[in-house]
Amino acid sequence: MKKLYKFRWDCGRQGTVEGIFIAEEQEVKDAVGQQVNFGEILGKHSEVYGTIDDGEITEIKVSEITVKEMEDVLGSTICGHNPLHHIQYECSRCGDTMRVDDCEWYINDNNEKICEYCATEDEKKSLKQI
Ligand SMILES: [Zn+2]
């Protein structure tokens, strides 16, 4: 089920990263513990990155209808920065860190993430894509 969420990161004197967005509950649960990199959003050389911890994404309780109406009119990112769009994975083979959207990712039975450049043709067919 889709819900309305608020994200907040206090980055000390650099400022605060905030965002309000709509996402599937499961997507938000999966995001906890993941690494995100927003780039230099708080000014030159600020490079804002880290791990999403429990409690940094909180639900804003509104009705299901409100969530749907907001998404129809405003899209899934209501304002600010949507952390779900900045999640990074580290490839267990090449060690490269890339944004989730920048390439295809596969996961093997040992829970290791493999980028599309390292996965073999066989793995691409047999492994689960994430
Ligand atoms: Zn790789």
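Enquirer: It is not clear to me how the domain arrangement of the protein chain should be interpreted in this structure. Could you clarify?
Expert: One frequently used descriptor of interface size is the decrease in accessible area upon assembly of the parts. By domain assignment, the protein chain separates into domain 1 (2–88) and domain 2 (91–129). Distance between the C-alpha centres of domain 1 and domain 2: 25 Å.

Enquirer: In this structure, what is going on with the sheet that holds strand β3 (residues 35–39)? I would like to understand it.
Expert: What holds strands together in a sheet is hydrogen bonding between their backbones, with the strands either parallel or antiparallel. Sheet architecture is open: 4 strands sit in the order β4-β3-β7-β8, paired in antiparallel fashion. If you trace the sheet from one side to the other, it starts and ends with β4 (48–51) and β8 (97–99), each paired once. Between one strand and the next, the sheet's axes are offset by a mean angle of 35°, whatever the strand orientation. Here 2 bridges tie β3 to strand β7 (residues 87–90), and the two strands are oriented antiparallel to one another. Counterpart to V36 in the pairing with β7 is I87.

Enquirer: Explanation requested: unusual backbone geometry in the structure shown.
Expert: A negative phi angle is the norm for most residues apart from glycine, just as the trans form is the norm for most peptide bonds. With phi around 65°, H45 is a residue other than glycine that occupies positive phi space. Considering the arrangement of structural elements, one finds H45 in the loop between β3 and β4. Judged by the 6 C-beta atoms lying within 10 Å of it, H45 falls in the exposed class. Despite not being glycine, N111 has its phi angle at roughly 65°, a positive value. Relative to the assigned elements, N111 resides in the loop between β9 (105–107) and β10 (113–115).

Enquirer: Quick question: what am I supposed to make of the environment of R93 here?
Expert: With respect to the helices, strands and loops of the structure, R93 is situated in the loop between β7 and β8. Placed 31 residues apart in sequence, R93 and K124 show a C-alpha to C-alpha distance of 15 Å. Not counting residues up to four positions away in its chain, the partners in contact with R93 are I114 and C118.

Enquirer: What am I meant to see in the nonpolar core here?
Expert: Burial of nonpolar side chains together is a common tendency in soluble globular proteins. Within the largest apolar cluster, 13 residues are counted, with the highest numbers of intra-cluster contacts made by Y5, F21, A23, V28 and I57. Elements represented by at least two residues in this core include exactly β1 (2–10), β2 (16–24) and β3. When residues of this core are assigned to their parent elements, the largest contribution, 4 residues, is made by β2. Excluding residues within four positions of it along the chain, F21 makes contact with Y5, S76, T77, I78, N82 and L84. Counting residues in each nonpolar core, the second largest holds 6 residues, with Y106, I114, C115 and A119 among its members.

What counts, and where the lines are drawn
- Residues numbered from 1 in each chain as written.
- Predicted model: local features only at pLDDT ≥ 70, side-chain atom pairs only at ≥ 80, totals over all residues.
- Domains from an automatic or database assignment.
- Pairing = 2+ DSSP bridges.
- Helix = DSSP H or I, 4+ residues; strand = E, 2+ residues; numbered from the N terminus.
- Axes fitted to C-alpha atoms, helices over the stretch in contact; angles between N-to-C directions.
- Buried ≥ 20, exposed ≤ 12 C-beta atoms within 10 Å, placed from the backbone.
- Contact = placed C-beta atoms within 7 Å.
- Core = buried A, V, L, I, M, F, W, Y, C linked by C-beta atoms within 7 Å.

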